[in-house]
Amino acid sequence: IFEGLKLLETNPGIQQMPGIKWLPDQLFTKRETKDMMLLYYTGVTRVAHDILGEIVKGMFLNSSHHLEIFTEMKKHARDTFDTILSNDYEGLAGKIAHSWELNQLLDKGTNPPHIQEIISKIDDYLLGYKLLGAGGGGYLLMLAKTGEAAVKVKKLLESKAPNARARFVDFSISNTGFQVSRS
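These numbers come from a predicted model, not from an experiment.

Peer 1: Give a description of the pattern of salt bridges that names residues and reports values.
Peer 2: Inspection of the entire model under this criterion finds 4 salt bridges. Residue K21 is joined to E9 by a salt bridge in which the shortest nitrogen-to-oxygen separation is 3.5 Å. In this pair, K21 sits in strand β2 (residues 19–23) while E9 sits in strand β1 (residues 5–9), placing the two residues 12 residues apart along the sequence. Across the salt bridge formed by R31 and D35, the nearest N and O atoms sit 3.2 Å from each other. Exposure remark for D35: the relative accessible area of 41% places this residue in the partly exposed category. The network of salt bridges with common partners includes E9, K21 and R78.

Peer 1: Outline the packing of aromatic side chains, supporting the account with residue identities and numerical values.
Peer 2: One pass over the full model with this rule turns up 3 aromatic pairs. Where Y40 meets F168, the ring centres are 4.7 Å apart and the plane angle is 55°; that geometry is what we call tilted. Here Y40 is found in strand β3 (residues 37–41), whereas its partner F168 is found in strand β6 (residues 167–168), with 128 residues between them in sequence. Classification of F168 as buried rests on a relative accessible area of 18%. Over the ring of F168 we find K154, and its NZ or CZ is 5.5 Å from the ring centre.

Peer 1: Could you give me a rundown of the layout of surface pockets, with the residues and numbers involved?
Peer 2: One water molecule sets the probe size; rolling that probe over the atoms shows where empty space is left. In this model, the largest pocket occupies a volume close to 1,000 Å³. What lines the largest pocket is a set of 35 residues, and nearest its centre among them are L5, K6, T80, I84 and S99. Among the elements of the structure, β1, β3, α4 (64–85), α5 (89–106) and β5 (139–144) are those that each provide at least two residues to the lining of the largest pocket. In terms of residue class, the lining of the largest pocket is made up of 23 nonpolar, 7 polar and 5 charged.

Cut-offs used in this document
- Residues numbered from 1 in each chain as written.
- Predicted model: local features only at pLDDT ≥ 70, side-chain atom pairs only at ≥ 80, totals over all residues.
- Heavy atoms only, no water.
- Salt bridge = Lys/Arg side-chain N within 4 Å of Asp/Glu carboxyl O.
- Helix = DSSP H or I, 4+ residues; strand = E, 2+ residues; numbered from the N terminus.
- Buried < 20%, exposed > 50% of the residue type's maximum accessible area, 1.4 Å probe, protein only.
- Phe/Tyr/Trp six-rings, centres within 6.5 Å; stacked < 30°, edge-to-face > 60°.
- Lys NZ or Arg CZ within 6 Å of the ring centre and 35° of its normal.
- 1 Å grid on protein atoms, 1.4 Å probe; cavity = no way out; pocket = protein on both sides within 12 Å on 5 of 7 lines; lining within 4 Å.
- Points joined across faces, edges and corners; volume = space filled by probe spheres on them.
- Nonpolar A, V, L, I, M, F, W, Y, C, P; charged D, E, K, R; others polar.

So this is what it looks like as structure tokens:
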């Protein structure tokens, strides 16, 4: 809803008053690092409903496995916030890689074979990556080791796309926040 890069935090309870902490966006706007960040639509989507249902069920049943991961995710979000504040590209890539690991611990189906097949082709060129979205959906965020590595990833995936829908997508930090339009 709000513009820019930020950390949103809430506390337990019915009445929610989210706390918002804005972050600098240099890592996402400076050419040196922006060009090493790639967003790739894999052409493979998953429905989040069933996945989220299982995760929420584990949470409400006080599954120690789920609760431990949620606790780690909360700490991880704060650590990632600090990493972005430090303007640390390699650190951010490591945080994204750890986030991907946490997602897989929470839901084993987060990294299906067709996604792993894509990753295995490009893993050597990347510092970190993860599927975005609640269901571990179709968009893969990748942080390359270097600008040259980013170019190699693009060439590899463009020359050997996993399906007809797969493609790279430009992205940027929103200056306006959520907008609704009608056409």
